[in-house]
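# Chains, contacts and geometry: an overview
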Amino acid sequence: MISKTFEERFDLVIDTISIKKNYWNDLWRYRELFFFLAWRDILVRYKQTVIGLAWSVIRPFLTMIVFTVIFGNLAKLPSGDVPYPILVFSAMLPWQFFSTSFSDASNSLIGNSNMLTKVYFPRMIIPASSVIVNMVDFFISFVILIGMMFWYRFIPPISILVLPVFFLQVFLISLGAGFYVAAVNVKYRDFKYIVPFIVNFGMIISPVGFSSSVVNEKWRLLYSMNPMVGVIDGFRWAITGDQSQIFLPGLFLSFGIMIVLILIGIWYFRKMERTFADLI
Amino acid sequence: MSIVIRVEHLGKKYLIRHQQKESYTALRDVIAEKTKKIFSVNGKSDKNTIASKEKREEFWALKDINFDVNQGDRIGVIGRNGAGKSTLLKVLSRITEPTEGRISIRGRIASLLEVGTGFHPELTGRENIFLNGAILGMHRWEIKKKFDEIVDFSGVEKFLDTPVKRYSSGMYVRLAFAVAAHLETEILVVDEVLAVGDSEFQSKCLGKMQDISRDQGRTILFVSHNMAAISKLCNKGILLNKGTITENSSVDEVIDQYISTNYQSEFYSIGNKDANKDVYFEKIFLSRDKKNTSNSFSLSDDILCLFEINGNKTVKDSTLTFIVRDKNLNPIFSEHYIFSGCKNLLMATIPNGMLLPGRYYLQSMLHVPNVRFLDNNEEYISFAIEETGSKNSIYTVDLGFVNIPVKWEKV
């Protein structure tokens, strides 16, 4: 009993068990570091470029033009009443966010290895802040979308109010996948080469350049195993109001996979985190 | 005095892999092993292959460490390279987890294992102050409050809005230390950070650290190879050797112990150590008469340093350098001699009356200056000049180490 009261006087106990208990408190205590790291990455990204921040407008805009030309004009995919560029752009928003967050997060720990071996802070901050950085790009792209709506005189339906839900979904998917791939990349550097492949391949199998309604009804549930299908369909539905986009079982499946991803991501990251400093 | 840190049975184990150079596992190998497991019929061969391929070896960087730290203590952690000092600091600052044991800490702890962690070369000085402060665990209002003080201490106010990649390395270090020095935690863990910057700045850092500990009553754990800095700053010491504590008492005793166990050899001899280097020391010893080893000299003795050099290959521009260090291992002077051939017996004479009474250490190395390192004596050779009536013998304070033949005149 005496030893117990003695230990209670300490603020921090470092051993193989107690560290876990402090973790979430520490994450809160270091909340400012999220924004400092994100802020650093945003500041640094366009340093020594001539047009600076304009790049984050030009990049998604150019991709949109390429997509419109290839899928809309050459492949002549149907787009209904909705202007094709808007159809593409509403899908590109979540996809760009996911793919850049995912690949940034995968390199984030290795890129900051110096910090990992010299200072303590909850390591989750690093991949999480690289996802936050991409939120800024997401919002810039969103402004472009609004501009396009004005250009095409397109009035968004009431369903656009649901958009934050789908944004939260893509945010959590990116975070979960980001945690996982960041942690696994510390141990197995092979993932450095696998990640670009996943991103490229994912773009082709996700309904970015086409509508997922072109997929045969039979296969649609299987197709929805890709959680980004549900997200992209949700974005399209919210922005264009096109009911045919939404496939409810697929949407639920996508939410389910999101929950699994974020739980596995956190679990694996926490499990690996204790060895980061020794492995990196 | 209340205890602020209690360390009990602390141990940290590393697994060393012998053949693989990378610290990370390649997915390739794991897949290969797993596949082998599937295809191997008897299912036991895979264990042997992994063992033969990797040869994992356990290595305890720290083993059964126990100590208490009282509030306001300034503890110097001393030990040779590889004694476990850095591992201890890393475990204390929660960078890596202990394998066993427990550390209990009261109060906020901050660690400074490097200055300028997270500094980004593209960001300006001002931006880096905020970033680095946040990484070290300061809140934004704290940094804002201290901002002027930090800038003032670093002395780079003119360049606050210049990217730090344009800074000179001295400015960079000054700014980095300035941020760290303004951390306001009850416990501060510091590793070798004073080993950077010019000497003026080093003494400024040391002064700041003394400020922090003495006047503000904060607790400091300080690792350094600089015995002078340790003895100046700390009141207690911990001596680590091969992962265990060998001495834990006042700082002077610990320094004495460290120096006597690590540097007190009377002569150096290669013995039966592996001698396949190109050029190496066969034997080093000090003498009065070129033949017999001697480690204590009077003021009137010439100190003869004899270096027996051997080798397998002639190295161009091979140089012998020796450094004479004082009792705190600070260098006093050094000499360089370029020689040719590999088999040599060299003798350097330190003329009598030059070194004042006290304890000294001789460190020697063979190298091609700035190109190649050849050999050194790991344990310094210690020698003493006995007090036989020097000009300083009537004083009790420390009056220096060397006697310069100064000329006096009445003009």
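What you see is a predicted model, and the numbers here were worked out from it, not measured in a lab. (Residues numbered from 1 in each chain as written. Chains lettered and ligands numbered in written order. Predicted model: local features only at pLDDT ≥ 70, side-chain atom pairs only at ≥ 80, totals over all residues. Heavy atoms only, no water.)

## Section: the packing of helix H5 (residues 84-111) of chain A against helix H8 (residues 163-187) of chain A
Residues and elements named next belong to chain A. Taken N-terminus to C-terminus, the directions of H5 and H8 make an angle of 25°; their axes are 8 Å apart at the nearest point. With respect to H8, the axis of H5 lies roughly parallel. The element H5 and its partner H8 pack so that their crossing is right-handed. Contacts between H5 and H8 involve Pro94, Phe97, Phe98, Ser101, Phe102, Ala105, Ser106, Asn107, Ser108, Leu109 and Ile110 from the first element and Phe167, Val170, Phe171, Ile173, Ser174, Ala177, Gly178, Val181, Ala182, Ala183, Asn185 and Val186 from the second. For the contact of H5 with H8, the class distribution of residues is 16 nonpolar, seven polar and no charged. (Axes fitted to C-alpha atoms, helices over the stretch in contact; angles between N-to-C directions. Helix = DSSP H or I, 4+ residues; strand = E, 2+ residues; numbered from the N terminus. Parallel < 35°, antiparallel > 145°, perpendicular 65-115°, else oblique. Left-handed = near helix turned anticlockwise from the far one by under 90°. Contact = heavy atoms within 4.5 Å. Nonpolar A, V, L, I, M, F, W, Y, C, P; charged D, E, K, R; others polar.)

## A word on the interface of chain B and chain A
Across the boundary between the two partners, chain B contributes 50 residues, which contact 44 residues of chain A. Here chain B meets chain A over a buried area of about 4400 Å², counting both sides, of which 59% is carbon and sulfur. Looking only at chain B, the three residues that lose the most surface to chain A are Arg94, Ile95 and Glu97 of chain B, adding up to 17% of its buried area. Where chain B meets chain A, there are three salt bridges. (Buried area = accessible area lost by both parts, 1.4 Å probe. Salt bridge = Lys/Arg side-chain N within 4 Å of Asp/Glu carboxyl O.)

## So, the domain arrangement of chain B
All names here are of chain B. The domains assigned to chain B are domain 1 (60-262) and domain 2 (268-386). Its C-alpha centre places domain 1 at a distance of 34 Å from the equivalent point of domain 2. Listed by partner, the interface residues are six residues for domain 1 and eight residues for domain 2. Here domain 1 and domain 2 share an interface that buries about 540 Å² over both sides, 49% of which is from carbon and sulfur atoms. On the surface where domain 1 and domain 2 come into contact, there are zero salt bridges. For the side of domain 1 that touches domain 2, the secondary-structure elements that each account for two or more residues are helix H8 (227-233) and helix H9 (251-263). Looking at the side of domain 1 that touches domain 2, its residues break down into three nonpolar, two polar and one charged. (Domains from an automatic or database assignment.)

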